[in-house]
Each structure stands twice: as C-alpha cells, then as structure tokens.
Amino acid sequence: MLIRVSTDRPVASSEITPRAAWLNRRDVLGAGAALGLGFAGVSATAAPTPRSPLSTDEKPNRLSDITGYNNFYEFGVGKSDPAANAGRLKTRPWTLRIDGLVDKPADYALEDFLKPLTLEERIYRMRCVEGWSMVIPWLGFPLADAISRAQPQSAAKYVAFETLYRPDEMSGQRGFPRIIPWPYREGLRLDEAMHPLTILATGLYGEPLPNQNGAPLRLVVPWKYGFKGIKSIVRLTLVAEQPPTSWSMIGPDEYGFFANVNPNVDHPRWSQATERRIGEGGLFAKRLKTQMFNGYDSVASLYSGLDLRANY
Amino acid sequence: MRRNFPVWAVYGLGFVPAVAAFGAGLSGLSGPDPIRALEQSLGLWALRFLLAALCVTPLRRFAGVNLLRYRRALGLLSFYYAALHFLAFIGLDHNFDWAEIGREIVKKPYAFIGMACLLLLIPLAATSSNGMIKRLGAKNWTRLHRLVYPAALLAVAHFIFAVKSWPLEPLLYAGAAVSLLALRLAPKKSRSLEQAGNA
Ligand code: HEM
C-alpha cells in the first residue's frame, strides 16, 4: 500500500501525538514505516497525550484496517479502491471556503486555517450504515472552533459541507455510471455541528490523514452513520434551510438527513440492530449489538421531541 | 480437447474459488472483513456458474460448440455455491441468530429475492440426476428446468438490490443474464434442420 509522506501535509508535526506513543501500544509497523518520516525528531520516550474524556477506551483498529477498508466513492466503489487510487490526489495547496450566513466569510489556505487550532486526539467508534464498525484514533479539533471563528449570523441553522470535485485526481468521479451526483455533500443542524463530540479531523494514529481517509480535512460525527463523515472538505456553508445531502438525494427512503445510529430503525439493505467490528475475530467474528447513537448517549438531548423513526 | 476434458475436472476446478476464498479468509488475506469477502465471493461464483450453464444452449445453437455434457456440472456448481453463500450468511455473517436471519430475509428485499432464487435452484439440483430425468420424463424435466430462467433474473436482481446506488458490475451481470435469456427467444431454425443437426 502506498501512503503519501507526511511532509506533504499541512499539519504541524509538533502538534501531533508522537508516533512512538502509539508504537508502544499498537502494531502500526508496516504503515508506520511509510508514514513516519516527519517524526524523526520525536523522542521514543515521549509521554502519550492525555486521552480526551470524550474518547472511548475500546481498542482501536489496526492502522492497516483503517487505511485499507474505506468507502470513499470518489476513488472507486470497492473497499480497497481508495487505498489504491487516492495517492493521486494533491492535498497541497488546499483551500477551505467558509461562507454563507457568517460575518467573516473567507477562503483559507488550510495551513493558515489550522494554525490557531489545537489538535487533540479523539478515539471514536465509527459505525458504517453497512453494518460494520471500527474504533479510530482521530486527530482533530472541534468543528465548533471553526464555525465560531467565522461568526455565524442568527439566521444560520444548518451547516452544509462539500467535498473536492477534481475528476483528474479522483478516478471515481470519472466513473460510469455516476454513483453520486458530485460533489459529495453533507450537512448538519447547527446544534449538531457545535456539539463537542463533532470534530474536523486532520489525522489519525498521530499522523496526518492518509488520502483514502479524507485528507486533508474531514468531518467526524461519531453518533451518526459513517457516510455523514464527509471527506476532503473544500467548503463549509452556513445556511438557513436543511441542505441537500448526497445519499439522501440518491435514496431518500434509505438515507435520511439525520442518519443517527439507531438499532431500532432498519435499513432496507443492512441490519442496524447488530454490527461487526472490523478486524476482529477473522472468519468467525461475532456480531455486537448496535447501540443507540452509537453509544454516545449525551447527544440524545439534541433530539428531544423529534420522532427519530420519521427523522432517520 | 473438449471431448477429452472430463466432467469431474469441471467439478474439481469449480471448487477452487471456494477453497481459495475460504483459505484467504482463514489466513487473513481477504482484508479486514473476511466474512463479507467470503460471502460476496461465494455469491458471485454462484451467479457466474448459473450464467455459464445458461451459455451452453446458445453456444450450441449459434456457435456450434457443444458443451452439453458439462451443463449439469455448471448448474450444480451454481447451486452448491448458492448453498455455501447462504450458509456463510446464516453461520458466519449472522452467527445462527435465527430471529435476526428470519427478519432479514422477510424484511430486506435483497435477501428475500436471494431466498426466492435459492428456493428455485433446489428442485433443479434435486432433479439433476439421470435417474430423475427418467422418472420425470424428458418433457416434464425440461419444463421444470425452465425455472432456471426466473432464477437467473432473481440472482441478478438480488445483486442489484444488495449494493448501494448503481455501480457497474451488477448491471453488467444483469445485462449478461437478460441477453442469455433473450437469445432463447430467437426464432428457431426449421425443425428439419435442427433435427438433422442433432442426429
Ligand atoms: C437466502 C438466500 C440468500 C441470501 C440470504 C443472500 C445474502 C447475500 C448477502 C448478505 C450478500 C452480501 C451483501 C453485501 O455485500 O453486504 C449477498 C451478495 C450476493 N449474492 Fe446472495 N444471498 C442469497 C442467495 C443468493 C443466490 C441464490 C445467488 C446466486 C445464484 C446469490 C448471489 C449473490 C451475489 C452475486 C452477490 C453480490 C456479491 C458482491 O457484492 O460481489 N445470492 N447475498
């Protein structure tokens, strides 16, 4: 597997959990060799960053699972297509536009945008709508920090996100038939976006994000199905109305706007009552019970009074 | 060469993908979700053998290639793969959780369609022997085995329903299945010619 070197990425290495801290605990050897170039100066005895209280203490998946098993249709529909094809994407320079109902709309060079932010580690469960899950040690910052900086106006009720559209470098966008009406779009209600669990990630396992995981900047909303976690974001727009989102444009009866993990609301294709934790148990892995809000109960108050069956 | 290639070798080769897929799953070579990889591989091969069996008649009619002696093996391989695919679904994928399996099959269109397909393949497999052909009589047997046509359509529909959006691969298989069935609607050559050809 080819992973681009970290020197190419707009993340200050000083802000990242030393890889050595992970090496003590986890086997990241193969990928580490490809990824670790920017970290030669980090002492092997460096203390691990304190774990965020919002992190799970479940065992994270191996790096090779997280970087080798992806849904990122911009690079193909197979699970290993993104790892094979995403290397062509150039993530530098990268411009992030924040616009819409904000007092300070701007086009940021990503480095400038990230400079004032403190990256922290968040180990989150990720539940895919296809009935599988992983545990991923993200590196990122609260989305709320980014939104506040743009100073949303009072009319802003939703945040709309867009992925890069660059068919030259994203082979899936050239594919036939068109799987998704590009660019990929996602959205959150503003209160969901401001929730402390919601982060923009720039890295995982203490390293810059590999392209197949949504480099250089992606959304992570751990109580929602994985497809809400839009990758390679170029635009963030504050709007008054609920924005259209890619999968609900394709199959409105299958994929709703909210897409909260909910074992009681079935999907026509996959059982949502249970899930399989990827990378564990091999051929004879047992399924786990899926938890409401993927176990992130603290978000329940966001939805009081909302019928979660109708608003799936 | 065709004449010499023994039928048992078709069975032998036919099971190679199953053994390979199972071996890859056991040894961790099929990625982080080996259960799904195995399940998909078995389903795909069930469909491929079904379509291969459906190639035999058009090949004979339009290309003059007679592979009739392998047709039973191809059909049975399709059934065996479909059965293994189902076994992977209930055992590996759903840990014999019958309540959930029942719910899946009743409530999910793709699983319901797959089940319908498997149910159609059972009588075909059960009547594949020479003895059964004799007992049913050629006419009844031929009539019964027309079930393979709806089975093929159900198999590709199952594939289409099992995936998100409209990727190319299931559509190609659907195109192949529909074409193979459409070829059977081509007007027959005059009876005397066909009989002469078969004699
Ligand atoms: C009770 C019967 C069946 C059940 C429950 C079943 C279940 C499944 C499941 C769970 C998948 C995987 C979906 C996913 O990728 O998440 C699948 C895929 C598939 N099945 Fe079945 N199946 C059944 C019968 C059949 C039969 C009879 C055939 C063919 C003759 C078949 C052919 C396929 C094919 C071609 C795929 C797609 C593989 C791929 O994605 O590459 N299935 N089926």
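As annotated in an unreviewed UniProt entry, chain B is Protein-methionine-sulfoxide reductase heme-binding subunit MsrQ from Rhodoblastus sphagnicola. Quoted straight from UniProt, the Subunit (unreviewed entry) entry for chain B says "Heterodimer of a catalytic subunit (MsrP) and a heme-binding subunit (MsrQ)."

As recorded by an unreviewed UniProt entry, chain A carries the name Protein-methionine-sulfoxide reductase catalytic subunit MsrP and is attributed to Rhodoblastus sphagnicola. According to UniProt, the comment filed for chain A under the heading Sequence similarities (unreviewed entry) is "Belongs to the MsrP family." What UniProt states about chain A under its Subunit (unreviewed entry) heading is, verbatim, "Heterodimer of a catalytic subunit (MsrP) and a heme-binding subunit (MsrQ)."

The next subject is the overall build of chain B. On a plain count of helices and strands, chain B comes out with eleven helices and zero strands. Element order for chain B, N to C, with α for helix and β for strand: α-α-α-α-α-α-α-α-α-α-α. Computed over the C-alpha atoms, the radius of gyration of chain B is 18 Å, within 12% of the 16 Å expected from 2.2 N^0.38 for a compact globule of 199 residues. Its C-alpha atoms give chain B principal-axis dimensions of about 55 × 35 × 35 Å. Per-residue burial over chain B gives 41% buried out of 199 residues. Considering only intrachain contacts with a sequence separation of at least 6, the fraction spanning at least 24 residues in chain B is 69%. For chain B, the computed accessible surface area is about 10,800 Å², with 69% contributed by carbon and sulfur atoms. Positive and negative charge centroids in chain B, built from 22 and 8 side chains respectively, lie 22 Å apart.

All right, on to the coordination of the iron atom of the ligand then. Each donor-metal-donor angle would ideally measure 109.5 degrees in four-coordinate tetrahedral geometry, or 90 or 180 degrees in six-coordinate octahedral geometry. Residue and element names in this part refer to chain B. The coordination sphere of the iron atom of the ligand, as far as protein atoms go, consists of His85 (NE2) and His158 (NE2), spread over 1.9 Å. Here the iron atom of the ligand is ringed by six donor atoms whose angles at the metal span 86 to 179 degrees, and the overall shape comes out octahedral. Note that His85 is positioned in helix α4 (residues 68-93) and His158 in helix α9 (residues 148-162), a separation of 73 residues in sequence. Judged by its relative accessible area of 18%, His158 is buried.

The rules behind these values
- Residues numbered from 1 in each chain as written.
- Chains lettered and ligands numbered in written order.
- Predicted model: local features only at pLDDT ≥ 70, side-chain atom pairs only at ≥ 80, totals over all residues.
- Heavy atoms only, no water.
- UniProt positions renumbered as here; feature names shortened; annotations may be inferred.
- Helix = DSSP H or I, 4+ residues; strand = E, 2+ residues; numbered from the N terminus.
- Rg over C-alpha atoms; globule rule 2.2 N^0.38 Å.
- Buried < 20%, exposed > 50% of the residue type's maximum accessible area, 1.4 Å probe, protein only.
- Contact = heavy atoms within 4.5 Å.
- Areas by Shrake-Rupley, 256 points an atom, 1.4 Å probe, with all protein chains shown as cover.
- Lys, Arg positive; Asp, Glu negative; His and termini not counted.
- Charge placed at Lys NZ, Arg CZ, Asp CG, Glu CD.
- Donors = N, O, S within 2.8 Å, 3.2 Å for Na, K, Ca; no water.
- Tetrahedral: all angles 85-135°; square planar, octahedral: opposite > 155°, others 65-115°.

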